[in-house]
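In case you want the letters, here they are:
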Amino acid sequence: MRRCQPRQTVLLLLLLVCGVAACEPGAAPEGGEASTPTEAVASPSVVSAIPVERPALPDGFPVLPGARSEAVPDDDLSTIARWTSDEIGSVAYDYYIEALPAAGYPTMGLYPGGAVAIIRFEVPGTAIWQLVLTRDGDGTGIEVRLDQP
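Residues numbered from 1 in each chain as written. Predicted model: local features only at pLDDT ≥ 70, side-chain atom pairs only at ≥ 80, totals over all residues. Heavy atoms only, no water.

Moving on, we come to the pairing of strand S2 (residues 79–85). Extensive coverage of S2 is indicated by the burial of 6 of its 7 residues. With 2 bridges joining them, strand S1 (residues 68–69) and S2 adopt antiparallel strand pairing. Directly across from Ser69, in S2, lies its bridge partner Trp83. Of the pairings in the sheet, the one linking S2 to strand S6 (residues 139–146) comprises 6 bridges and is antiparallel in character. Looking at the pairing, Thr84 lines up with Gly141 of S6. (Buried < 20%, exposed > 50% of the residue type's maximum accessible area, 1.4 Å probe, protein only. Helix = DSSP H or I, 4+ residues; strand = E, 2+ residues; numbered from the N terminus. Pairing = 2+ DSSP bridges.)

Tracing the chain through its elements places Thr84 in strand S2. Given the relative accessible area of 11%, Thr84 is considered buried. Engagement of the side chain of Thr84 in a polar contact is seen with the side chain of Glu70, the distance being 3.2 Å. (Polar contact = N/O pair within 3.5 Å; in protein donor to acceptor, adjacent residues only side chain to side chain.)

What follows is about the nonpolar core. Core analysis: the biggest nonpolar cluster contains 20 residues, and Tyr96, Phe121, Leu131, Leu133 and Val144 have the highest contact counts within it. If you list the elements that add at least two residues to this core, you get S2, helix H3 (89–102), strand S4 (116–123), strand S5 (127–136) and S6. With residues near it in sequence (within four places) discarded, Val144 still touches Leu57, Phe61, Ser78, Thr79, Ile80, Ala81, Trp83, Phe121, Trp129, Gln130 and Leu131. (Core = buried A, V, L, I, M, F, W, Y, C linked by side-chain atoms within 4.5 Å. Contact = heavy atoms within 4.5 Å.)

Each strand in a sheet pairs with another by means of backbone hydrogen bonds, the pair being arranged parallel or else antiparallel. A sheet is described by the order of its strands in space; here 6 strands give the open sequence S1-S2-S6-S5-S4-S3, paired in antiparallel fashion. Of all the strands in the sheet, just S1 and strand S3 (107–111) have a single pairing partner and so form its edges. By the bridge criterion, 8 bridges tie S5 to S6 in an arrangement that is antiparallel. Residue pairing for S6: Thr134 is matched across the bridge by Gly141. Contacting S2, S3, S4, S5 and S6, H3 runs over the sheet at an angle of about 10° to S4. (Axes fitted to C-alpha atoms, helices over the stretch in contact; angles between N-to-C directions.)

Scanning the model with the defined rule gives 5 salt bridges in all. Residue Arg145 is joined to Asp76 by a salt bridge in which the shortest nitrogen-to-oxygen separation is 3.2 Å. Linking Arg145 in strand S6 with Asp76 in the loop between S1 and S2, this pair joins segments that are 69 residues apart in sequence. A salt bridge links Glu143 to Arg145; the shortest N-O distance between them is 3.3 Å. (Salt bridge = Lys/Arg side-chain N within 4 Å of Asp/Glu carboxyl O.)

As enumerated under the stated definition, the model contains 6 aromatic pairs in all. Note on Phe61 and Trp83: the rings are 6.5 Å apart at their centroids and 5° apart in plane angle, and the pair reads as stacked. Of the two residues, Phe61 is situated in the loop between helix H2 (44–49) and S1 and Trp83 in strand S2; the sequence distance between them amounts to 22 residues. In terms of burial, Phe61 and Trp83 fall into one category: buried. (Phe/Tyr/Trp six-rings, centres within 6.5 Å; stacked < 30°, edge-to-face > 60°.)

Take a look at the structure:
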């Protein structure tokens, strides 16, 4: 069997993509007009992944003692709260795996790591969120975020 050269592979992929694009909703039927962008309907998974406004951090949410509040980026509505701490990541991680369930936020997944650790937890009656711990110099960056893959 003969193998395709890189240029042939790229051309085949381009043809495949163009063919699929022509079959998508909103594509012009043969001899017709394409629908306007306002007629296209976004898939529910895309719409639900983009929050309309930033959720508020619930009152009484546990915060690592000594952590300093940081500004939350205006252009990232999935980030709910942010802190930094002089504590190393393992201290912050150990604190949160105990503090979250004790405060009424059951953990749904624990993902320890060196430079990044994630704790998925449930906000009862709302959704699953993530606590993301990252190495920040000699300390730890702490973020509460909407759940992401």
